[in-house]
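Structural description and commentary
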Amino acid sequence: MKRKVMTEVRVLLLESIHADAVARLEAEGYHVESVRNALDEAELIERIRGVHLLGIRSKTKVTASVLAAADSLVAIGAFCIGTDQIDLPAAASRGIAVFNAPFSNTRSVVELAVAEIIALTRRLTEKNAGMHNGVWDKAADGSHEIRGRRLGIVGYGNIGTQLSVLAENLGMHVSFYDTADKLALSNAHRCASLEELLETSDVVTLHVDGRPGNAGFFGAEQFKRMRPGAIFLNLSRGIVVDHVALREALESGHLSGAAVDVFPTEPKGRGDEFKSELRGLPNVILTPHIGGSTEEAQSDIGDFVANKLAHFVREGNTTLSVNLPGVALPQQEGMSRVVHVHINTPGVLAQVNSILAEHRVNVEGQLLSTRGEYGYLITDIKSGFSDDVLDQLRGMEQTVRLRVLS
(Lines give C-alpha, C1' and ligand atoms only; values in the text may rest on other atoms or scores of the structure.)
Protein backbone atom coordinates (compact mmCIF):
# COMPACT_ATOMS: atom_id res chain seq x y z
CA MET A 1 0.00 0.00 0.00
CA LYS A 2 1.34 3.43 -0.93
CA ARG A 3 1.75 6.15 1.65
CA LYS A 4 -1.31 8.39 1.90
CA VAL A 5 0.05 11.92 1.85
CA MET A 6 -2.25 14.74 0.73
CA THR A 7 -1.07 16.58 -2.36
CA GLU A 8 -3.74 19.06 -3.53
CA VAL A 9 -5.94 20.00 -0.60
CA ARG A 10 -9.56 20.77 -1.52
CA VAL A 11 -11.50 23.14 0.72
CA LEU A 12 -15.26 23.79 0.71
CA LEU A 13 -16.41 26.92 2.57
CA LEU A 14 -20.14 27.52 3.07
CA GLU A 15 -22.28 30.42 4.32
CA SER A 16 -20.19 33.33 3.00
CA ILE A 17 -17.17 32.79 5.22
CA HIS A 18 -14.97 35.88 5.37
CA ALA A 19 -12.54 36.57 2.54
CA ASP A 20 -9.64 36.56 5.02
CA ALA A 21 -10.20 32.82 5.52
CA VAL A 22 -10.23 32.22 1.78
CA ALA A 23 -6.99 34.19 1.35
CA ARG A 24 -5.30 32.40 4.24
CA LEU A 25 -6.13 28.93 2.90
CA GLU A 26 -5.26 29.84 -0.68
CA ALA A 27 -1.90 31.08 0.59
CA GLU A 28 -1.23 27.49 1.67
CA GLY A 29 -1.75 26.39 -1.93
CA TYR A 30 -5.16 24.85 -1.25
CA HIS A 31 -7.96 24.78 -3.83
CA VAL A 32 -10.78 26.75 -2.16
CA GLU A 33 -14.43 26.78 -3.23
CA SER A 34 -16.59 29.34 -1.42
CA VAL A 35 -20.40 29.07 -1.42
CA ARG A 36 -22.70 31.90 -0.33
CA ASN A 37 -25.47 29.93 1.38
CA ALA A 38 -25.84 26.93 3.67
CA LEU A 39 -26.41 23.49 2.15
CA ASP A 40 -28.97 21.00 3.38
CA GLU A 41 -27.99 17.40 4.15
CA ALA A 42 -28.64 16.03 0.64
CA GLU A 43 -26.79 18.91 -1.03
CA LEU A 44 -23.82 18.58 1.29
CA ILE A 45 -23.61 14.81 0.77
CA GLU A 46 -23.43 15.51 -2.96
CA ARG A 47 -20.67 18.12 -2.57
CA ILE A 48 -18.53 16.61 0.20
CA ARG A 49 -16.80 13.83 -1.76
CA GLY A 50 -13.14 14.63 -2.39
CA VAL A 51 -13.16 17.54 0.07
CA HIS A 52 -10.38 17.58 2.67
CA LEU A 53 -11.42 20.65 4.70
CA LEU A 54 -14.98 21.85 5.31
CA GLY A 55 -15.80 25.30 6.65
CA ILE A 56 -19.29 26.17 7.91
CA ARG A 57 -21.09 28.62 10.14
CA SER A 58 -24.21 27.91 12.21
CA LYS A 59 -26.82 26.95 9.61
CA THR A 60 -25.18 23.96 7.91
CA LYS A 61 -25.80 20.64 9.66
CA VAL A 62 -22.93 18.16 9.44
CA THR A 63 -24.71 14.91 10.25
CA ALA A 64 -23.47 11.35 10.54
CA SER A 65 -24.77 10.73 7.01
CA VAL A 66 -22.73 13.65 5.67
CA LEU A 67 -19.62 12.36 7.43
CA ALA A 68 -20.20 8.86 6.05
CA ALA A 69 -20.12 10.33 2.53
CA ALA A 70 -16.98 12.38 3.24
CA ASP A 71 -14.35 10.09 1.77
CA SER A 72 -11.42 12.54 2.11
CA LEU A 73 -12.38 14.86 4.96
CA VAL A 74 -9.73 15.41 7.64
CA ALA A 75 -11.05 18.48 9.47
CA ILE A 76 -14.08 20.76 9.89
CA GLY A 77 -13.86 24.42 10.76
CA ALA A 78 -16.87 25.98 12.50
CA PHE A 79 -16.41 29.69 11.76
CA CYS A 80 -18.48 30.59 14.84
CA ILE A 81 -18.65 29.73 18.53
CA GLY A 82 -21.18 26.88 18.54
CA THR A 83 -20.50 23.36 17.28
CA ASP A 84 -23.87 21.72 18.04
CA GLN A 85 -24.62 21.74 14.28
CA ILE A 86 -21.89 19.09 13.88
CA ASP A 87 -22.17 15.46 14.96
CA LEU A 88 -18.98 15.60 17.04
CA PRO A 89 -18.93 11.91 18.14
CA ALA A 90 -19.38 10.77 14.53
CA ALA A 91 -16.56 13.06 13.41
CA ALA A 92 -14.26 11.75 16.16
CA SER A 93 -15.08 8.15 15.22
CA ARG A 94 -13.65 8.88 11.77
CA GLY A 95 -10.62 10.77 13.05
CA ILE A 96 -11.96 14.09 11.72
CA ALA A 97 -10.89 17.05 13.86
CA VAL A 98 -13.33 19.90 14.52
CA PHE A 99 -12.19 23.44 15.33
CA ASN A 100 -14.23 26.52 16.21
CA ALA A 101 -13.70 30.14 17.22
CA PRO A 102 -14.61 30.28 20.92
CA PHE A 103 -13.48 33.87 21.51
CA SER A 104 -13.34 35.84 18.26
CA ASN A 105 -16.90 37.16 18.09
CA THR A 106 -17.54 37.48 21.82
CA ARG A 107 -17.27 41.27 21.85
CA SER A 108 -19.64 41.66 18.92
CA VAL A 109 -22.36 39.57 20.60
CA VAL A 110 -21.91 41.44 23.88
CA GLU A 111 -22.17 44.85 22.22
CA LEU A 112 -25.40 43.82 20.46
CA ALA A 113 -26.86 42.66 23.78
CA VAL A 114 -25.95 45.96 25.47
CA ALA A 115 -27.41 47.97 22.58
CA GLU A 116 -30.68 46.01 22.72
CA ILE A 117 -30.96 46.29 26.50
CA ILE A 118 -30.65 50.08 26.25
CA ALA A 119 -33.02 50.30 23.27
CA LEU A 120 -35.74 48.25 24.96
CA THR A 121 -35.36 49.89 28.36
CA ARG A 122 -35.76 53.30 26.70
CA ARG A 123 -38.59 52.01 24.42
CA LEU A 124 -36.65 53.21 21.39
CA THR A 125 -38.28 50.69 19.03
CA GLU A 126 -41.76 52.02 19.80
CA LYS A 127 -40.67 55.67 19.66
CA ASN A 128 -38.92 55.05 16.33
CA ALA A 129 -41.98 53.32 14.83
CA GLY A 130 -44.22 56.14 15.99
CA MET A 131 -42.00 58.79 14.44
CA HIS A 132 -41.97 56.96 11.09
CA ASN A 133 -45.77 56.93 11.27
CA GLY A 134 -45.85 60.68 11.92
CA VAL A 135 -46.62 60.44 15.66
CA TRP A 136 -44.78 62.82 18.01
CA ASP A 137 -44.92 60.99 21.37
CA LYS A 138 -42.63 62.97 23.67
CA ALA A 139 -43.22 61.23 27.00
CA ALA A 140 -41.13 59.47 29.63
CA ASP A 141 -43.75 56.85 30.50
CA GLY A 142 -42.20 53.38 30.59
CA SER A 143 -38.71 54.63 29.68
CA HIS A 144 -35.90 53.97 32.13
CA GLU A 145 -32.16 54.24 32.57
CA ILE A 146 -30.34 50.91 32.74
CA ARG A 147 -28.27 52.23 35.64
CA GLY A 148 -29.42 50.57 38.85
CA ARG A 149 -31.44 47.85 37.13
CA ARG A 150 -30.59 44.16 37.51
CA LEU A 151 -29.36 42.08 34.59
CA GLY A 152 -29.81 38.31 34.87
CA ILE A 153 -27.41 36.30 32.69
CA VAL A 154 -28.27 32.65 32.00
CA GLY A 155 -25.02 30.98 30.92
CA TYR A 156 -21.82 32.47 32.32
CA GLY A 157 -19.33 31.49 29.63
CA ASN A 158 -17.12 33.68 27.42
CA ILE A 159 -20.01 35.90 26.32
CA GLY A 160 -21.86 35.94 29.63
CA THR A 161 -18.79 36.95 31.63
CA GLN A 162 -17.80 39.76 29.27
CA LEU A 163 -21.38 41.05 29.24
CA SER A 164 -21.32 40.92 33.04
CA VAL A 165 -18.28 43.20 33.19
CA LEU A 166 -19.63 45.73 30.67
CA ALA A 167 -23.06 45.83 32.30
CA GLU A 168 -21.51 46.61 35.69
CA ASN A 169 -19.44 49.37 34.10
CA LEU A 170 -22.73 50.88 32.89
CA GLY A 171 -24.11 50.85 36.41
CA MET A 172 -26.22 47.69 36.29
CA HIS A 173 -26.40 45.08 39.02
CA VAL A 174 -25.60 41.62 37.66
CA SER A 175 -26.85 38.17 38.60
CA PHE A 176 -26.02 34.97 36.76
CA TYR A 177 -26.99 31.33 36.70
CA ASP A 178 -24.93 28.50 35.23
CA THR A 179 -25.12 24.75 35.73
CA ALA A 180 -21.31 24.65 35.90
CA ASP A 181 -19.32 26.07 38.80
CA LYS A 182 -18.20 29.51 37.52
CA LEU A 183 -16.22 32.22 39.27
CA ALA A 184 -18.22 35.43 39.68
CA LEU A 185 -16.49 38.47 38.21
CA SER A 186 -16.45 41.79 40.06
CA ASN A 187 -19.70 42.18 42.04
CA ALA A 188 -21.81 39.71 40.05
CA HIS A 189 -24.14 37.58 42.18
CA ARG A 190 -24.36 33.85 41.52
CA CYS A 191 -27.96 32.62 41.76
CA ALA A 192 -28.58 29.26 43.37
CA SER A 193 -31.33 28.50 40.87
CA LEU A 194 -32.76 29.72 37.59
CA GLU A 195 -35.96 30.60 39.44
CA GLU A 196 -34.06 32.99 41.73
CA LEU A 197 -32.58 34.77 38.72
CA LEU A 198 -35.91 35.09 36.92
CA GLU A 199 -37.75 36.45 39.95
CA THR A 200 -35.17 39.14 40.74
CA SER A 201 -33.99 40.41 37.32
CA ASP A 202 -35.26 43.37 35.30
CA VAL A 203 -33.57 42.00 32.18
CA VAL A 204 -32.96 38.31 31.43
CA THR A 205 -30.53 37.33 28.67
CA LEU A 206 -29.71 33.80 27.48
CA HIS A 207 -26.18 32.75 26.53
CA VAL A 208 -26.37 28.95 26.52
CA ASP A 209 -25.26 26.36 23.98
CA GLY A 210 -27.44 24.32 21.64
CA ARG A 211 -26.96 20.86 23.12
CA PRO A 212 -30.11 18.70 22.73
CA GLY A 213 -30.81 18.89 26.47
CA ASN A 214 -31.32 22.66 26.18
CA ALA A 215 -34.05 22.40 23.53
CA GLY A 216 -37.21 24.13 24.73
CA PHE A 217 -35.92 24.67 28.26
CA PHE A 218 -37.22 28.27 28.38
CA GLY A 219 -40.98 28.37 27.95
CA ALA A 220 -44.26 29.51 29.52
CA GLU A 221 -43.29 28.49 33.05
CA GLN A 222 -40.04 30.47 32.91
CA PHE A 223 -41.72 33.56 31.42
CA LYS A 224 -44.32 33.51 34.21
CA ARG A 225 -41.49 33.48 36.76
CA MET A 226 -40.02 36.68 35.33
CA ARG A 227 -40.82 40.01 36.96
CA PRO A 228 -43.77 41.96 35.49
CA GLY A 229 -42.42 44.47 32.96
CA ALA A 230 -39.11 42.62 32.54
CA ILE A 231 -37.20 42.43 29.27
CA PHE A 232 -36.05 39.17 27.62
CA LEU A 233 -33.12 38.57 25.22
CA ASN A 234 -31.98 35.47 23.38
CA LEU A 235 -28.72 35.68 21.43
CA SER A 236 -27.73 32.04 21.96
CA ARG A 237 -29.63 29.29 20.13
CA GLY A 238 -33.12 29.36 18.63
CA ILE A 239 -34.14 25.93 19.91
CA VAL A 240 -33.92 26.88 23.58
CA VAL A 241 -36.97 29.21 23.61
CA ASP A 242 -40.69 28.57 23.04
CA HIS A 243 -41.57 31.50 20.78
CA VAL A 244 -45.33 30.98 21.10
CA ALA A 245 -45.02 31.33 24.88
CA LEU A 246 -42.82 34.41 24.41
CA ARG A 247 -45.39 36.07 22.19
CA GLU A 248 -48.12 35.39 24.74
CA ALA A 249 -46.00 36.91 27.53
CA LEU A 250 -45.44 40.01 25.40
CA GLU A 251 -49.05 40.42 24.22
CA SER A 252 -50.36 40.03 27.77
CA GLY A 253 -48.08 42.82 28.94
CA HIS A 254 -46.26 40.58 31.43
CA LEU A 255 -43.02 41.32 29.57
CA SER A 256 -42.36 44.85 28.32
CA GLY A 257 -40.06 43.87 25.47
CA ALA A 258 -37.79 41.28 23.88
CA ALA A 259 -34.85 40.98 21.52
CA VAL A 260 -34.26 37.78 19.58
CA ASP A 261 -31.35 37.06 17.25
CA VAL A 262 -31.72 33.28 16.81
CA PHE A 263 -34.66 31.14 15.74
CA PRO A 264 -35.65 27.44 15.73
CA THR A 265 -35.83 27.48 11.93
CA GLU A 266 -33.82 30.01 9.96
CA PRO A 267 -33.71 30.78 6.22
CA LYS A 268 -30.78 29.28 4.32
CA GLY A 269 -29.55 32.54 2.81
CA ARG A 270 -29.93 36.28 2.42
CA GLY A 271 -33.18 37.36 0.81
CA ASP A 272 -35.13 34.23 1.77
CA GLU A 273 -38.43 34.73 3.58
CA PHE A 274 -38.26 34.82 7.37
CA LYS A 275 -41.20 33.38 9.31
CA SER A 276 -41.72 33.75 13.04
CA GLU A 277 -44.46 34.05 15.67
CA LEU A 278 -42.70 37.20 16.85
CA ARG A 279 -43.12 39.27 13.71
CA GLY A 280 -45.26 42.38 13.95
CA LEU A 281 -44.79 43.10 17.66
CA PRO A 282 -43.74 46.74 18.22
CA ASN A 283 -41.77 46.01 21.39
CA VAL A 284 -39.64 43.24 19.88
CA ILE A 285 -36.26 43.62 18.17
CA LEU A 286 -35.71 40.87 15.60
CA THR A 287 -32.28 40.44 14.02
CA PRO A 288 -31.17 37.78 11.48
CA HIS A 289 -28.62 35.85 13.58
CA ILE A 290 -26.09 38.69 13.44
CA GLY A 291 -24.75 38.57 17.00
CA GLY A 292 -21.26 37.84 15.72
CA SER A 293 -21.71 39.48 12.34
CA THR A 294 -19.43 42.48 12.48
CA GLU A 295 -16.60 42.96 10.02
CA GLU A 296 -14.11 42.84 12.89
CA ALA A 297 -15.46 39.58 14.31
CA GLN A 298 -15.80 37.82 10.96
CA SER A 299 -12.27 38.80 9.97
CA ASP A 300 -10.89 37.52 13.29
CA ILE A 301 -12.91 34.30 13.02
CA GLY A 302 -11.82 33.73 9.44
CA ASP A 303 -8.17 34.14 10.31
CA PHE A 304 -8.35 32.12 13.54
CA VAL A 305 -10.16 29.05 12.19
CA ALA A 306 -8.30 29.05 8.87
CA ASN A 307 -5.02 29.05 10.80
CA LYS A 308 -6.19 26.10 12.89
CA LEU A 309 -7.11 24.14 9.75
CA ALA A 310 -3.84 24.94 7.98
CA HIS A 311 -1.73 23.97 11.01
CA PHE A 312 -3.69 20.75 11.40
CA VAL A 313 -3.09 19.76 7.77
CA ARG A 314 0.60 20.64 7.94
CA GLU A 315 1.52 19.61 11.47
CA GLY A 316 -1.30 17.42 12.77
CA ASN A 317 -1.56 19.51 15.94
CA THR A 318 -5.00 19.52 17.56
CA THR A 319 -4.78 22.38 20.07
CA LEU A 320 -8.33 23.67 20.80
CA SER A 321 -9.99 20.86 18.83
CA VAL A 322 -13.46 20.36 20.31
CA ASN A 323 -13.72 16.62 19.63
CA LEU A 324 -10.20 15.12 19.62
CA PRO A 325 -7.51 15.16 22.34
CA GLY A 326 -5.34 18.28 22.22
CA VAL A 327 -1.78 17.54 21.09
CA ALA A 328 0.89 20.01 19.94
CA LEU A 329 4.35 18.66 19.11
CA PRO A 330 6.93 21.05 17.59
CA GLN A 331 8.04 19.93 14.14
CA GLN A 332 11.59 18.91 13.38
CA GLU A 333 13.16 19.36 9.97
CA GLY A 334 13.78 16.27 7.89
CA MET A 335 11.25 14.16 9.77
CA SER A 336 8.14 12.35 8.69
CA ARG A 337 5.22 12.74 11.05
CA VAL A 338 2.81 9.89 11.67
CA VAL A 339 -0.54 10.85 13.23
CA HIS A 340 -2.43 7.97 14.80
CA VAL A 341 -6.03 8.37 15.98
CA HIS A 342 -7.08 5.33 17.94
CA ILE A 343 -9.54 3.87 20.42
CA ASN A 344 -8.33 4.66 23.92
CA THR A 345 -7.36 1.27 25.32
CA PRO A 346 -4.31 0.23 27.37
CA GLY A 347 -1.15 -0.73 25.48
CA VAL A 348 -1.64 1.23 22.24
CA LEU A 349 1.55 3.26 22.65
CA ALA A 350 3.57 0.14 23.44
CA GLN A 351 2.14 -1.62 20.37
CA VAL A 352 2.93 1.32 18.07
CA ASN A 353 6.50 1.52 19.36
CA SER A 354 6.89 -2.24 19.07
CA ILE A 355 5.98 -2.08 15.36
CA LEU A 356 8.44 0.78 14.84
CA ALA A 357 11.20 -1.06 16.71
CA GLU A 358 10.55 -4.25 14.73
CA HIS A 359 11.31 -2.32 11.53
CA ARG A 360 14.28 -0.49 13.09
CA VAL A 361 12.51 2.88 12.90
CA ASN A 362 13.89 5.33 15.44
CA VAL A 363 11.44 7.65 17.22
CA GLU A 364 12.74 11.23 17.16
CA GLY A 365 9.75 12.80 18.93
CA GLN A 366 6.45 11.54 20.27
CA LEU A 367 3.43 12.87 22.13
CA LEU A 368 0.19 11.13 23.15
CA SER A 369 -2.98 12.51 24.67
CA THR A 370 -6.32 10.86 25.36
CA ARG A 371 -9.84 12.22 25.82
CA GLY A 372 -12.67 9.88 26.62
CA GLU A 373 -13.00 7.20 23.98
CA TYR A 374 -10.12 8.30 21.76
CA GLY A 375 -6.37 8.75 21.84
CA TYR A 376 -4.27 10.98 19.58
CA LEU A 377 -0.62 10.11 19.00
CA ILE A 378 1.95 12.10 17.03
CA THR A 379 5.23 10.35 16.23
CA ASP A 380 8.15 11.92 14.36
CA ILE A 381 10.47 9.48 12.60
CA LYS A 382 13.26 9.75 10.06
CA SER A 383 12.37 9.24 6.41
CA GLY A 384 13.27 5.97 4.72
CA PHE A 385 10.86 3.64 6.49
CA SER A 386 8.95 1.01 4.51
CA ASP A 387 5.26 0.98 3.70
CA ASP A 388 5.00 -2.21 5.78
CA VAL A 389 5.31 -0.02 8.88
CA LEU A 390 2.24 1.97 7.89
CA ASP A 391 0.33 -1.15 6.88
CA GLN A 392 0.88 -2.66 10.33
CA LEU A 393 -0.12 0.55 12.10
CA ARG A 394 -3.28 0.80 10.02
CA GLY A 395 -3.98 -2.84 10.72
CA MET A 396 -4.01 -2.39 14.50
CA GLU A 397 -7.37 -3.24 16.02
CA GLN A 398 -7.54 0.13 17.79
CA THR A 399 -6.66 2.29 14.77
CA VAL A 400 -9.30 4.84 13.74
CA ARG A 401 -7.21 6.82 11.26
CA LEU A 402 -3.58 7.12 10.24
CA ARG A 403 -2.13 10.17 8.50
CA VAL A 404 1.42 10.63 7.24
CA LEU A 405 2.75 14.19 7.08
CA SER A 406 6.04 14.83 5.30
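Whatever comes next refers back to the structure up there.
Everything quoted here is computed from the prediction, not taken from an experiment. Sequence order as written defines residue numbering, which begins from 1 separately in each chain. It should be noted that, the model being predicted, local features are given only for residues of pLDDT at least 70 and side-chain atom pairs only at 80 or more, the latter also being counted only at that level, while totals for whole chains, interfaces and linings use all residues. Neither water nor hydrogens contribute to the side-chain values; these are computed over all heavy atoms in the structure.

1. Description of the pattern of salt bridges
Whenever Lys or Arg places a side-chain nitrogen within 4 Å of a carboxyl oxygen from Asp or Glu, that contact is recorded as a salt bridge. Applying the stated criterion across every chain, the model contains 16 salt bridges. R24 serves as the salt-bridge partner of E28, at 2.8 Å between the closest nitrogen and oxygen. According to the relative accessible area criterion, E28 is partly exposed, its value standing at 27%. The salt bridge partner of R225 is E199, with a shortest N-O separation of 2.5 Å. Of this pair, R225 sits in helix 9 (residues 220-225) while E199 sits in helix 8 (residues 194-200); the two residues are 26 residues apart in sequence, bridging distant segments of the chain. Between buried and exposed lies partly exposed: a residue is buried under 20% and exposed over 50% of the maximum accessible area for its type, with that area taken using a 1.4 Å probe on protein chains only. The exposure class of E199 is partly exposed, given its relative accessible area of 40%. Here the residues in one salt-bridge network are R24, E28, R314 and E315, joined through shared partners. Each helix corresponds to a stretch of at least 4 residues labelled H or I by DSSP, and each strand to a stretch of at least 2 residues labelled E; elements are numbered beginning at the N terminus.

2. Remarks on the environment of G77
By the secondary structure assignment, G77 is in strand 4 (residues 75-78). G77 sits 59 residues away from W136 along the chain, and the two C-alpha atoms are 50 Å apart. Not counting residues up to four positions away in its chain, the partners in contact with G77 are L54, G55, I56, F99, V305 and L309. Contact criterion: two residues are considered in contact whenever any of their non-hydrogen atoms come within 4.5 Å of each other.

3. Some thoughts on the packing of aromatic side chains
Stacked, tilted and edge-to-face pairs are distinguished by plane angle, under 30 degrees for stacked and over 60 for edge-to-face with tilted covering the rest, among Phe, Tyr and Trp rings (Trp via its six-membered ring) whose centres lie within 6.5 Å. One pass over the full model with this rule turns up 7 aromatic pairs. Ring geometry for F218 against F232: centres 5.1 Å apart, planes inclined by 35 degrees, an arrangement best described as tilted. Highlighted residues: F218 in the loop between strand 9 (203-206) and helix 9 and F232 in strand 10 (residues 230-234), separated in sequence by 14 residues. As far as burial versus exposure is concerned, F218 and F232 are alike and both buried. Ring plane angle 65 degrees and centroid distance 4.8 Å describe the contact between F263 and F274, whose orientation is recorded as edge-to-face. Separated by 11 residues along the polypeptide, F263 in the loop between strand 11 (255-260) and strand 12 (284-286) and F274 in the loop between strand 11 and strand 12 bring together distant segments of the chain. F263 sits in the buried class, given a relative accessible area of 7%. Chaining the aromatic ring pairs together yields one cluster made of F217, F218, F223 and F232.

4. Overview of the pairing of strand 13 (residues 335-343)
When you tally the buried positions in strand 13, you get 8 out of 9 residues, the bulk of the element. A pair of strands counts as paired when DSSP detects no fewer than two bridges linking them. Summarising the sheet, strand 13 and strand 15 (residues 374-382) pair through 9 bridges and their orientation is antiparallel. Along strand 15, the bridge assignment pairs V338 with T379. Sheet analysis places strand 13 next to strand 16 (residues 399-405), joined by 6 bridges and oriented antiparallel. Counterpart to H342 in the pairing with strand 16 is T399.

5. Comments concerning helix 11 (residues 295-315)
Under the convention used throughout, the expected extent of a helix is 1.5 Å for every residue step, that is, one less than its residue count. Taking 1.5 Å of rise per residue, the 21 residues of helix 11 would be expected to cover 30 Å, and the 30 Å separating its terminal C-alpha atoms lies within 8% of that figure. Looking only at helix 11, the buried set comprises A297, Q298, I301, G302, V305, A306, K308, L309, A310, F312, V313 and E315. Just downstream of helix 11, G316 is the residue with a positive phi angle, here 80 degrees.

6. Concerning the sheet that holds strand 15
A sheet is described by the order of its strands in space; here 4 strands give the open sequence 14-15-13-16, paired in antiparallel fashion. The sheet is open, and its two edges are formed by strand 14 (363-371) and strand 16, each paired on a single side. Ignoring strand direction, the axes of neighbouring strands in this sheet form an average angle of 10 degrees. To define axes, lines are fitted to C-alpha atoms, for helices over the stretch in contact only, and angles between the resulting N-to-C directions are given on a 0 to 180 degree scale. Lying over the sheet, helix 11 contacts strand 13, strand 15 and strand 16, oriented at roughly 85 degrees with respect to strand 16. Against the sheet, helix 13 (residues 387-394) contacts strand 13 and strand 16, and its axis sits at roughly 155 degrees relative to strand 16.

7. With respect to the side chain of S276
Relative to the helices and strands, S276 is located in the loop between strand 11 and strand 12. On the accessibility criterion, S276 (18% relative accessible area) is buried. N or O atoms closer than or at 3.5 Å make up a polar contact, with two conditions inside protein: a donor-capable atom paired with an acceptor-capable one, and, for residues adjacent in sequence, both atoms drawn from side chains. Reaching out from S276, the side chain makes a polar contact with the backbone nitrogen of L278 at a distance of 3.1 Å. Among all residues touching S276, those that are not within four sequence positions of it are H243 and F263.

8. Quick notes on a negative patch on the surface
Here a patch means residues that are over 30% exposed by relative accessible area and free of salt bridges, tied together within 9 Å if like-charged and within 5 Å if nonpolar (Val, Leu, Ile, Met, Phe, Trp, Tyr). Every accessible area reported is derived by Shrake-Rupley at a probe size of 1.4 Å, with residue values counting cover from the shown protein chains alone. Lys and Arg are tallied as positive, Asp and Glu as negative. Neither His nor the chain termini are counted. The location of each charge is read from NZ of Lys, CZ of Arg, CG of Asp or CD of Glu. A grouping of D20, E295, E296, D300 and D303 is seen on the molecular surface, where their side chains present a negatively charged patch. For the negative patch, the leading source of residues is helix 11, giving 4 residues. Position of E295 relative to the elements: it lies in helix 11.

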